[in-house]
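Structural features, examined
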Amino acid sequence: MTPITHFEELGATQLTCSDQAPYLARQAVRTWLGTGHAAYEIVTLATSELVTNAVKYTDATTADGSPCQITLKLSQDETVLRLVVTDPGSRCSTPAHIPMQGANLHSEHGRGLAIVDNLSRSRWGSYRTPGSETRCVWCHLDRKPTPAQLEELFQTPI
């Protein structure tokens with residue numbers, strides 16, 4: 001049986017579902033962690049990918065026509081940073097594990113969840129809140145990645 005972990009919240013923010021949301025999410029991570037944090041680059045990239053997916057795949061307006069809101073939360077325990085992006089969901093999409101795609105110079109989309117899978121070492125998932133269409137996508141990222149882990153994650157393929 002896995003012990004229950006208590007996470008300390010580092011920050012939470014509401015973002016309007018728009019093209020500016022990924023930028024604003026990265027700014028929030030910078031405020032919460034600071035650029036000197038060992039996991040800053042990993043968390044920033046995972047945040048950007050998850051918020052971009054929320055913007056792209058959520059139903060962007062509410063019933064009254066106003067823009068929907070995305071919630072971004074970052075918390076930590078002794079070993080991991082937990083990133084959670086919640087959006088109103090969509091009638092047509094559910095985040096799913098996908099295989100890492102080979103390099104294709106012409107493809108501009110379709111790698112976001114594969115990137116999150118790699119950054120989180122497959123510690124991510126999604127669920128719908130019972131009784132609503134709200135979608136939550138979460139990932140656990142190493143709080144103190146080693147230099148070797150960072151080099152492996154960000155190495156340029158030959």
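Structure shown above.
Calculation rules
- Residues numbered from 1 in each chain as written.
- Predicted model: local features only at pLDDT ≥ 70, side-chain atom pairs only at ≥ 80, totals over all residues.
- Heavy atoms only, no water.
- Helix = DSSP H or I, 4+ residues; strand = E, 2+ residues; numbered from the N terminus.
- Buried < 20%, exposed > 50% of the residue type's maximum accessible area, 1.4 Å probe, protein only.
- Contact = heavy atoms within 4.5 Å.
- Areas by Shrake-Rupley, 256 points an atom, 1.4 Å probe, with all protein chains shown as cover.
- Pairing = 2+ DSSP bridges.

Digging into the overall build of the protein
A tally of helices and strands in the protein yields four helices and five strands. Going from N to C terminus, the protein has its helices and strands arranged as β-α-α-β-β-α-β-β-α. Residue burial in the protein is summarised as follows: out of 158 residues, 37% are buried. Look at the contacts in the protein between residues 6 or more apart in sequence, and 64% of them connect residues 24 or more apart. With the model as given, the accessible surface of the protein reaches about 9600 Å², and the carbon-plus-sulfur share is 54%.

Section: the pairing of strand β2 (residues 69–76)
Counting buried positions along β2 gives six out of eight residues, so the element sits mostly inside the fold. In the sheet, strand β1 (residues 8–16) pairs with β2 via eight bridges, with the strands oriented antiparallel. By the bridge assignment, Thr-13 is partnered in β2 with Leu-72. Pairing between β2 and strand β3 (residues 80–87): six bridges, direction antiparallel. Paired with Ser-75 across the strands is Arg-82, a residue of β3. The antiparallel hairpin formed by β2 and β3 contains three residues in its connecting segment.

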